[in-house]
Structures are given as C-alpha cells and as structure tokens.
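One-letter residues, chain by chain:
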Amino acid sequence: MIHGPKTKNELRARRHNRIRAKVKGTVERPRLAVYRSNRFISVQLIDDTAGKTIAAAHGRDFKGPLSVQAKAVGAAIAEKAKAAKVTAAVFDRGGYQYAGQVKALAEAARAGGLTF
C-alpha cells in the first residue's frame, strides 16, 4: 500500500463520504447536494429515503462568472423548492470548502427562503 499525498479529487471524495455518513435527506428536509466542476456548479434537492431528486438547478442555464452563476443557481433552487412545497433542507457541501461558490450558492438559497 502506498502512503502519501492523494489527489485533490480523492481527498474531496473522502471528505464527501464523511459528510454523507452523517447527512440524510427526508421528505420534510431533503438534502441540498452541491456539485462543482471547473465550468459549472449544480445543486439538487434529494429525498434519500425514496431515492428521488425533488428539484435541481444547473449553472449552464446562467451566464457570467462562477460566483454570479452560483448565486443564480442558489436563487433558482430556492424557487424550485418553494414550488415543490419544501421550506427546509440539510446542506451537503459535497466535500468542498464552505467558501467562494459554495458559500454564494448557500447564501442565495437562504435569501430565497430555504432554511438549513
């Protein structure tokens, strides 16, 4: 077995697994799961008990820099959550640091009326 530094993606996956062991989404409080790539940010509201996605928003629907895109995605998921009659969620940052795009998305979702 080789010890030593892992890749950035392997370290993120380990953090995400640690988070997922503790965070579960239900019908009343679905999991707000964030995924970030180099070009886009996306988010889903997931009911883990049924294994269904309630609502989703993706950054490709919005133009602009990544931080602006993240704010728009956060506002869009809050609107879609309201339409699905969801007011509260549990936040799953996907192993990403709570800063930058992830923070902008979370704050925009909170401003849109979603609580977590």
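Conventions and cut-offs
Residues numbered from 1 in each chain as written. Predicted model: local features only at pLDDT ≥ 70, side-chain atom pairs only at ≥ 80, totals over all residues. Heavy atoms only, no water. Helix = DSSP H or I, 4+ residues; strand = E, 2+ residues; numbered from the N terminus. Buried < 20%, exposed > 50% of the residue type's maximum accessible area, 1.4 Å probe, protein only. Polar contact = N/O pair within 3.5 Å; in protein donor to acceptor, adjacent residues only side chain to side chain. Contact = heavy atoms within 4.5 Å. Salt bridge = Lys/Arg side-chain N within 4 Å of Asp/Glu carboxyl O. Lys, Arg positive; Asp, Glu negative; His and termini not counted. Pairing = 2+ DSSP bridges. Axes fitted to C-alpha atoms, helices over the stretch in contact; angles between N-to-C directions. Phe/Tyr/Trp six-rings, centres within 6.5 Å; stacked < 30°, edge-to-face > 60°.

Draft legend 1. Spotlight on the side chain of D92. Mapped onto the secondary structure, D92 falls in strand β4 (residues 90-92). The class of D92 is buried, set by a relative accessible area of 1%. For D92, the side chain forms a polar contact with the side chain of R31, separated by 2.8 Å. Apart from residues no more than four positions distant in its own chain, D92 is found in contact with H16, I19, R20, V23, R31, L32, A33 and V34.

Draft legend 2. Inspection of the pattern of salt bridges at higher detail. Enumeration according to the criterion identifies three salt bridges in this entry. Among the salt bridges present, the one from D48 reaches R20, with a minimum N-O distance of 3.7 Å. Of the two residues, D48 sits in the loop between β2 (41-47) and β3 (52-58) while R20 sits in helix α1 (residues 8-22), which places them 28 residues apart along the sequence. Looking at D48, the relative accessible area reads 24%, which means it is partly exposed. In this structure, the salt-bridge partner of D92 is R31, at a minimum N-O distance of 2.8 Å. You can see D92 sitting in strand β4 and its partner R31 sitting in strand β1 (residues 31-36), a full 61 residues away along the chain. With respect to class, D92 is no different from R31; both count as buried.

Draft legend 3. Structural view of the side chain of D47. Here D47 shows up in strand β2. The charged side chain of D47 is buried without a salt bridge, its nearest counter-charge being K52 at 8.8 Å.

Draft legend 4. Here's a closer look at the sheet that holds β3. Spatially, β3-β2-β1-β4 is the arrangement adopted by the four strands of the open sheet, whose pairing is mixed. The two strands at the open ends of the sheet, each matched to only one other strand, are β3 and β4. Adjacent strand axes in the sheet meet at a mean angle of 20° when their direction is disregarded. Relative to β3, helix α2 (residues 66-83) is tilted by about 145°, and along the sheet it contacts β1, β2 and β3.

Draft legend 5. Examining the pairing of β3 more closely. Examined bridge by bridge, β2 and β3 share six bridges and lie antiparallel to one another. Of the residues in β3, the one forming a bridge with Q44 is A56. In this structure, the hairpin formed by β2 and β3 is closed by a connection of four residues, where G51 is found at a positive phi of approximately 70°.

Draft legend 6. Structural view of the packing of aromatic side chains. Considering all chains together, one arrives at three aromatic pairs under this definition. Aromatic side chains Y35 and Y96 sit 6.5 Å apart centroid to centroid with 65° between the ring planes, which places their arrangement in the edge-to-face category. Linking Y35 in strand β1 with Y96 in the loop between β4 and α3 (101-111), this pair joins segments that are 61 residues apart in sequence. Exposure remark for Y35: the relative accessible area of 46% places this residue in the partly exposed category. Linked through ring pairs, F91, Y98 and F116 together constitute an aromatic cluster.

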